[in-house]
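# Secondary and tertiary structure notes
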Amino acid sequence: MSDHTDITWTEDVRPTRTRPGRRSGHGPGRATGPGDDSLPGDPDTPTPEPDTSPTPESDTTPTTLTHTTPWHSESGLPAPRRVRVVDDRMKADAAYRLVCEGTALLWRGDYQGARQLLTALGRRLDRLTPKPGATPAETFHRHRQARGHRARVLGMLLVVLEDDHGLALRRAPDVRAACTEAYGPPRHRTIVSLRELLGVIGAHEWRRKGVPIPALDARIHPHYGVFSPVRGEYVDLVGDAPLPAARGAAFDLGTGTGVLAAVLAHRGLDRIVATDSSPRALACARDNVERLGIGDRVEVVDSGDLYPAGRAALVVCNPPWLPARPTSTVEQGVYDPGSAMLLAFLDGLADHLEPGGEGWLILSDLAEHLGLRTRDELVGAFDAAGLRVVDRHDAKPRHPRAADTTDPLHAARAAEVTSLWRLAPAG
Ligand SMILES: C[S@@+](CC[C@H](N)C(=O)[O-])C[C@H]1O[C@@H](n2cnc3c(N)ncnc32)[C@H](O)[C@@H]1O
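The following refers to the structure shown. (Residues numbered from 1 in each chain as written. Predicted model: local features only at pLDDT ≥ 70, side-chain atom pairs only at ≥ 80, totals over all residues.)

## Some thoughts on the overall build of the chain
A tally of regular secondary structure across the chain gives twelve helices and 16 strands. Within the span of the chain, comprising 427 residues, buried residues form 36% of the whole. A separation of at least 24 residues holds for 69% of the contacts in the chain among residues at least 6 apart in sequence. (Helix = DSSP H or I, 4+ residues; strand = E, 2+ residues; numbered from the N terminus. Buried ≥ 20, exposed ≤ 12 C-beta atoms within 10 Å, placed from the backbone. Contact = placed C-beta atoms within 7 Å.)

Below is the structure:
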């Protein structure tokens, strides 16, 4: 996701006597200068200003280069209107003032210095903890607003990704593989926020290492932007619930990494069809199915709809648990505006089940503790869809945030229970 706006910025560079070779776009200390290559058609062609071209006698005279570089933000943050080029001389307090006023900082110094500055800005923002609201729902909305503000302000520290997705900053890691996974093949230079880039690097590490899934006795490798099964309790619920007696295929709706489809295959089901509306999730699920060697049993389909064609003996669905608007693509696995996916699953279930089949809804009651949905509304939605509850299996979350007393949503998180609702047609 990006708003395709260009950012124009300038930098003073000192030419070197020997023309540098073809840049690698990563690694320490690349000098950018008039001898630097720009590919024909590259939207980021540097434009030397007139009258400042170096001469052989004055080859240490800085040259001011003007660049026009496309902005890219996966989370859809708009391109900043004002940009100042900064380096290691920038102090944290001055930087904080500038970003709070809406001036983005394009970092051209040492990479580790940029990370330290981001941490320092984060510490200043952490002091702005919102006051609790009069209701849990108000506290939740204030908390989200504060998180959104934090993301916008921290998103103002920018770096240039070179035309091979590399970083040309001193002491920078090689981020090319991580960026190619998240952004696709490089095409030209782009400006991204350092915060987003750190997320891309973190996702690359998760994808490389994988998340251990005890119910599978294997690892699942999440891709950037795909809901990661780090909260094991809901996966165990699917691993342990009694399978329906009915025979036939199983559907996994909103498969994400493919983890639940894989658990069903691990339990011996031999035909599972998995869907998702996110192209990243579909690619990720296919990757995991292939890694696990279960491609003969799990088919990942781009059905264009929540349900694939046909009927199943078991339909599993773990919709995003909170009925609120996602503010980025990365949040689409967490927030389900108006409970749209939940209701679409319930409304379609009876028509997609074989006789004797079951639908398994995996849902935490966090939304109830936050005052975003009531239990009566949930049960009312079952009734309205012509469904009855066969049974319910509960689990307490084990993730560390449930025990974090400094979390403004601690009371709700501490009370949270994750349930697997076994549903069947009422009639
Ligand atoms: C909470 S995640 C669950 C992922 C995975 N099933 C798991 O349990 O780890 C919800 C998933 O539903 C997908 N999703 C959201 N709305 C959808 C829709 N209308 N149709 C299909 N998939 C959808 C999201 O892309 C996301 O991968």
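That covers the picture; the talk isn't over yet.
## Describing the site of the ligand
Taken together, 20 residues lie around the ligand, and F227, G254, G256, S277 and N318 are the ones closest in. The residue makeup of the shell around the ligand, split by class, is nine nonpolar, ten polar and one charged. (Near = placed C-beta within 6 Å. Nonpolar A, V, L, I, M, F, W, Y, C, P; charged D, E, K, R; others polar.)

## Description of helix α4 (residues 176–183)
Where α4 is concerned, the buried positions are A178, C179 and A182. Along the long axis of α4, the arc covered by the buried residues comes to 95°, so they all point the same way. On the buried face of α4, the contacting elements are β6 (157–161) and α5 (194–209). G184 occupies a position one or two residues after α4 and carries a positive phi of about 90°. (Arc of directions from axis to C-beta.)

## Remarks on the nonpolar core
One finds V238, A261, A262, V298, V315, V316 and F345 to be the most contacted residues of the largest nonpolar core, which totals 62 residues. Among the elements that take part in this core, helix α7 (residues 259–266) stands out by supplying seven residues, more than any other. In contact with V298, not counting residues within four places along its chain, are G258, A261, A262, A265, I272, A274 and V289. Grouped together as the second largest cluster of nonpolar side chains are 35 residues, V86, L121, L158 and L194 included. (Core = buried A, V, L, I, M, F, W, Y, C linked by C-beta atoms within 7 Å.)

## Notes on the pairing of strand β4 (residues 82–86)
As defined by bridge partners, β4 adjoins strand β5 (residues 103–107) across five bridges and the pair is classed as parallel. The residue of β5 that forms the bridge with R82 is T103. Handedness of the crossover is the feature at issue here: the chain leaves β4, passes through helix α1 (residues 92–100), returns alongside β5, and the resulting connection is right-handed. (Pairing = 2+ DSSP bridges. Right-handed = clockwise from strand over helix to strand, strands pointing away.)

## Quick notes on the packing of α1 against helix α2 (residues 111–126)
Between α1 and α2, the shortest axis-to-axis distance is 10 Å and the interhelical angle comes to 65°. Comparing the axis directions of α1 and α2 gives the class roughly perpendicular. You can see that α1 and α2 cross each other, and the crossing is right-handed. Residue-level inspection shows A92, A95, Y96 and V99 of α1 in contact with α2, the latter providing L117, A120, L121 and R124. Classifying every residue of the contact of α1 with α2 gives seven nonpolar, no polar and one charged. (Axes fitted to C-alpha atoms, helices over the stretch in contact; angles between N-to-C directions. Parallel < 35°, antiparallel > 145°, perpendicular 65-115°, else oblique. Left-handed = near helix turned anticlockwise from the far one by under 90°.)

## Examining the sheet that holds strand β7 (residues 190–193)
The strand order across the open sheet formed by four strands is β4-β5-β6-β7, and the pairing between neighbours is mixed. Looking along the sheet, the strands with just one partner apiece sit at the ends: β4 and β7. Within the sheet, the average angular offset between the axes of one strand and its neighbour, ignoring direction, is 35°. Pairing of β6 with β7, which is carried by four bridges, proceeds in the antiparallel orientation.

## A look at α2
Its 16 residues give α2 an end-to-end C-alpha distance of 23 Å, which sits within 8% of 22 Å, the value for a rise of 1.5 Å per residue. Regarding α2, the residues found buried are A114, L117, L118 and L121. Along α2, the residues classed as buried sweep out an arc of 100° about the axis, all on the same side. Turned more than 90 degrees away from the buried face of α2 sit T119, R123 and D126, all of them exposed. (Expected span 1.5 Å × (residues − 1).)

## Re the environment of E181
Tracing the backbone shows E181 in helix α4. With 26 residues separating them in the primary sequence, E181 and R207 have C-alpha atoms 9.6 Å apart. Here E181 is in contact with H204, R207, H223 and Y224, once residues within four sequence places are set aside.

## Some remarks on the sheet that holds strand β11 (residues 272–275)
The sheet built from seven strands is open, its strands ordered β12-β11-β10-β13-β14-β16-β15 with mixed pairing. Where the open sheet ends on each side, the last strands, each with one partner, are β12 (298–301) and β15 (387–395). Taken over all neighbouring pairs, the strand axes of this sheet differ in orientation by 20° on average, direction set aside. Direction of pairing for strand β10 (residues 250–253) relative to β11: parallel, over a ladder of four bridges. Its bridge partner being in β11, L253 is matched across the sheet by T275.

## Structural notes on the pairing of β5
Across the five residues of β5, four count as buried, placing the element largely inside the fold. Where β5 and β6 come together, two bridges link them in parallel fashion. Across the sheet, the residue bridging to L106 is L158, located in β6.

## Considerations on the environment of W206
By the element assignment, W206 lies in helix α5. W206 sits 15 residues away from H221 along the chain, and the two C-alpha atoms are 6.8 Å apart. Sequence-distant contacts of W206, defined by excluding residues within four places in its chain, comprise V211, P222 and S228.

## With respect to the packing of α2 against helix α3 (residues 136–154)
Running from N to C, α2 and α3 point in directions that differ by 150°, and their axes come no closer than 10 Å. Considering their axes alone, α2 and α3 lie roughly antiparallel with respect to each other. Where α2 crosses over α3, the handedness of that crossing is right-handed. Seen from α2, the contacting residues are L118, L121, G122 and L125; seen from α3, they are R150, V153 and L154. Split into classes, the residues belonging to the contact of α2 with α3 amount to five nonpolar, one polar and one charged.

Read these as spatial facts, not as claims about activity.
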